[in-house]
Amino acid sequence: MFVDFFYKLREVGIPATPTAFLTLHRALQKGLIMSLSDFYTAARSILVKSERHFDLFDQVFAHFFEGAELPDAEGFELDEIAKALLDQWLADPQTVADALGEDMAELQKLSPEELIEYFKQRLREQTERHDGGNRWIGTGGTSPVGHSGYHPGGLRVGGESRNKSAVKVANERRYKDYSKTGLLSQSSIGEALKRLRNMVPTGPKDQLNIRESIYRTMKNAGEIEIVFDRRLKDRLKVILAIDNGGYSMDPYIPVVQTLFNYARSQFKELKTYFFHNTIYDTLWEDPARFRKPKPVMEFGRMDPETRLIIVGDASMAPYELMAMDGSIYVHERSGRASIEQLRFLAETFPHNAWLNPVPARMWPYTRTINIIRQIFPMFELTIDGLEQAVDQLMAA
Amino acid sequence: MTESREKQGYFTGAKRYVLDDELARIVNISMSLEMPLLLKGEPGTGKTMLAHAIAENLGMPLIVLNVKSNMKLIDALYQYDTLTRLNDSRFGDSTRDVSRIEDYIKMGKIGQAFTADQRTVLLIDEIDKADTDFQDDMLDVLDQMEFDIIEIDKTVRAKYRPVIVITSNAKKDLSDPFLGRCNFHHIAFPDPQMMRKIISVHFPDIDTEIMNNAIDTFYQLRELDMVEKKPATRELINWIRALSMDPDFKPKQLAKGEIPYLGVLFKKSQDYTIAANQVQRKRRF
């Protein structure tokens, strides 16, 4: 019973397990399910284990039991693109008409619904992929409509902007909050950083050491002697260096802020420093990078067991990183290129990691990211990336 | 129908808890399947309250295990009080028999639920605080409904299978084996209509004007950008309590955009400042 339903769920990507499916049958057998809505709630609570999949489940359920049309992935994408085209059309009909090679007056006769249908049809007619070029709708081209293309005033339809200049992001992801690679929240950061610990005994002696107490008592010929130990406390030293300058980091401020807030409450021995783009002769203790400079060379005197975490997009002009006088600030030109300073830090603190808020799939597009990745192990600033970074930091 | 269900031990809601049908069904199915129910959702949406409501409604005692980050599974099962035994063996002035280790075993929360003389509701609160090992080990215990006391080589079996409710705040998913053994529900944030019901349950003789204005303002405040911890049901209830206790307060103030006791709603200083700024700006226009 409902085997097809089960497989449909798995097909759309809900990780329902056979055991859960059997449990559902147990519920059916017990006569607990007397109506379709009973079945809906039972099936969802037993088969679906994450609110991220609730929406998908709803769609499959509606498809299976009420005959609703299941939007296949491709069709869905077409829908989105067509919808975005419509928006663009409403804002600037001439450009769209030109891009499609159609007469504007002709298209204007259509109603919005008809227009969407028309756009979809045009999109479907493209049988092969179309990347590049400047006429047709596709990806990576310079046509004003399309995907991930580059056109100064162009409209982005879905996907990510690689050049950060698209006027408007047209698609909307309803369940983005729940997605695993979405923004970090305080609790998820806590979860990820939990293992970043170095337990050492501190505080008053208030924990009973049973083994030692028994041993001492025996030694004392049965006269009880109780031995207390200090509690284990986390005494990990962490240096957090944050890139807080320049517009390139602006989109990531909330994420970094959350990380910073959490780190501040979690680690007692946390030192935070700030820099702009990359590290030259100094790091600053104040976010304005003005009042409290700390020369990079002084870090050589610190405990090498300290964990160094650098947060930054590592995106800049290559000369800023490589040239001897690459700093965009005149007073910072000591003759050591930034890349030398970074190497120095990486050697001083062997336990290090670079967290990059830029999604990993975009890294190959920026040259300085590739260079810095050779010095610091780099991780995405997401829950997954943070976990990998913690592994790296705690590795012996 | 309702009456007969209650007699058979079906969960139908409690005095202070507004239950939607869907959640009631899920609770009942989990109870009959004898599977733990895992609840997720924003803080303050009544995850913990649900367990209290089940216990109240079904007349079962509630046992709460508050999970802490450094907790080991054994702490939740039982504790072997070595210090007392050592002391007794030295001075021998207690009624306990030193040679019987059993006398020095104290049951933890899960142990208490297992050894209770009637069916209990076991609430395991904020499971996400503990590490994954704890979670997986605990589910083995809950699955088998038994655990061993190593010191006396005895197996404790549950006399009555407790109704188990587990809550989690984490956005991060729990491990797969864990999820495989639970039923899952995500409590969504109540819509204004549901919220009205919840408020009237908590304040049976509340003035409709206060309620409407307070709820409207509350949902507006939840829409504020940049706020890290949005006010939830718990905050709203406390806020309304504060408002109704203030003799100088008039519901019209809210309609005008004045919001007294903002600190009840926003508890992080950053959020408070943001909210206060927004409120002031609104009043100016």
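Rules behind the numbers
- Residues numbered from 1 in each chain as written.
- Chains lettered and ligands numbered in written order.
- Predicted model: local features only at pLDDT ≥ 70, side-chain atom pairs only at ≥ 80, totals over all residues.
- Helix = DSSP H or I, 4+ residues; strand = E, 2+ residues; numbered from the N terminus.
- Buried ≥ 20, exposed ≤ 12 C-beta atoms within 10 Å, placed from the backbone.
- Contact = placed C-beta atoms within 7 Å.
- Pairing = 2+ DSSP bridges.
- Axes fitted to C-alpha atoms, helices over the stretch in contact; angles between N-to-C directions.
- Parallel < 35°, antiparallel > 145°, perpendicular 65-115°, else oblique.
- Left-handed = near helix turned anticlockwise from the far one by under 90°.
- Nonpolar A, V, L, I, M, F, W, Y, C, P; charged D, E, K, R; others polar.
- Core = buried A, V, L, I, M, F, W, Y, C linked by C-beta atoms within 7 Å.
- Arc of directions from axis to C-beta.
- pLDDT = per-residue confidence, 0-100.

So, on to the overall build of chain B. On a plain count of helices and strands, chain B comes out with 14 helices and nine strands. Looking at the 285 residues of chain B, the share that counts as buried comes to 30%. Across chain B, every contact between residues at least 6 apart in sequence was considered, and the portion connecting residues at least 24 apart equals 75%.

A few words now on the overall build of chain A. Looking only at helices and strands, chain A has 15 helices and eleven strands in total. Residues classed as buried in chain A amount to 30% of the 396 residues present. Put simply, 58% of the contacts in chain A that link residues at least 6 apart link residues at least 24 apart.

Attention now goes to the sheet that holds strand S2 (residues 62-66) of chain B. Residues and elements named next belong to chain B. Within the open sheet, the five strands sit side by side as S2-S5-S8-S1-S9. Their pairing is parallel. At either margin of the open sheet sits one strand with a lone partner, and together these are S2 and strand S9 (183-187). Pairs of neighbouring strands in the sheet enclose a mean axial angle of 20°, with direction left out of account. One ladder, built from five bridges, connects strand S1 (residues 37-41) with S9; its direction is parallel. Paired with Leu39 across the two strands is His185, which belongs to S9.

All right, on to the packing of helix H13 (residues 338-348) of chain A against helix H14 (residues 367-375) of chain A then. All names here are of chain A. It is the contact of H13 with H14, at a shortest axis distance of 9 Å, that shows an interaxial angle of 30°. As summarised for this structure, H13 and H14 are arranged roughly parallel, according to the angle between their axes. In terms of crossing hand, the pair formed by H13 and H14 is right-handed. Seen from H13, the contacting residues are Ile339, Leu342, Arg343 and Ala346; seen from H14, they are Ile371, Ile372 and Ile375. Across the contact of H13 with H14, the residue classes tally to six nonpolar, no polar and one charged.

Looking now at the pairing of strand S9 (residues 307-311) of chain A. Residue and element names in this part refer to chain A. Among the five residues of S9, five are classified as buried, and the element is accordingly described as predominantly covered. The two faces of S9 match: Arg307, Ile309 and Val311 on one face and Leu308 and Ile310 on the other face are all buried. Taken together, the five bridges between strand S5 (residues 237-243) and S9 define a ladder with parallel strand orientation. Bridging from a neighbouring strand, Val238 pairs with Arg307 of S9. Across four bridges, S9 lies against strand S10 (residues 352-356) in parallel orientation. Within S10, the residue paired with Leu308 across the bridge is Asn352.

Turning next to the nonpolar core. Most often, soluble globular proteins keep nonpolar side chains buried together rather than apart. Leu47 of chain A together with Leu37, Ile54, Leu122, Val165 and Ile166 of chain B are the most contacted members of the largest nonpolar core, which has 58 residues in total. Setting aside chain neighbours within four positions, we find Ile54 of chain B in contact with Phe11, Val27, Val121, Val163 and Val165 of chain B. Ranked by size, the runner-up nonpolar core spans 44 residues in total, among them Val238, Met316, Met378 and Phe379 of chain A.

It is worth spelling out H14 of chain A at this point. All of the buried residues along H14 of chain A are Thr368, Ile369 and Ile372 of chain A. Angular distribution of buried residues about the axis of H14 of chain A spans 100°; they occupy a single face of the element.

Each partner contributes residues to the interface: chain A has 27 residues there, and chain B has 24 residues. Counted by class, the side of chain A that touches chain B contains eleven nonpolar, nine polar and seven charged residues.

Next up on the list: the confidence of the model for chain B. All names here are of chain B. Looking at chain B as a whole, its pLDDT mean stands at 81, while 92% of the residues score no less than 70. Looking at the elements of chain B, mean pLDDT is at its lowest for helix H1 (residues 2-7), recorded as 41, and at its highest for S2, recorded as 92. Note on residues 1-8: pLDDT under 50 across the span, and four contacts to partners over four residues away in sequence or across chains. Our summary of model confidence lists the complex with pTM equal to 0.56 and ipTM equal to 0.72.

So, on to the packing of helix H10 (residues 208-222) of chain B against helix H11 (residues 233-245) of chain B. Residue and element names in this part refer to chain B. Across the interface, H10 lies against H11 with an axial gap of 11 Å and an inter-helix angle of 135°. With respect to each other, H10 and H11 are oriented oblique. Between H10 and H11 lies a crossing of right-handed hand. In this structure, H10 uses Ile210, Ala214 and Phe218 to contact H11, whose residues at the interface are Leu236, Trp239, Ile240, Leu243 and Ser244. Across the contact of H10 with H11, the residue classes tally to seven nonpolar, one polar and no charged.

In summary, the side chains of a regular strand alternate between the two faces of the sheet. Sheet topology places strand S6 (residues 146-149) of chain B next to strand S7 (residues 154-157) of chain B; four bridges connect them, and they run antiparallel. Bridge pairing in S7 of chain B places Ile149 of chain B opposite Lys154 of chain B.

A separate point is unusual backbone geometry. All names here are of chain B. At Asp153, a position not held by glycine, the phi torsion is positive, near 50°. You will see that Tyr261, though not glycine, has its phi angle at about 55°, which is positive. Relative to the helices and strands, Tyr261 resides in the loop between helix H12 (251-256) and helix H13 (262-265).

This paragraph deals with the environment of Arg343 of chain A. Residues and elements named next belong to chain A. Relative to the helices and strands, Arg343 resides in helix H13. According to the C-beta neighbour criterion, Arg343 is partly exposed, with 15 such atoms within 10 Å. Considering only alpha carbons, one finds Arg343 and Gln374, 31 residues apart in sequence, at a separation of 9.7 Å.

Looking now at the confidence of the model for chain A. All names here are of chain A. Per-residue confidence for chain A gives a mean pLDDT of 71, with 59% of residues at or over 70. Ranking the elements of chain A by mean pLDDT puts strand S2 (residues 155-156) last, at 38, and H14 first, at 89. In the predicted structure, residues 127-183 sits below a pLDDT of 50 and forms 104 contacts with residues beyond four places in sequence or in another chain.

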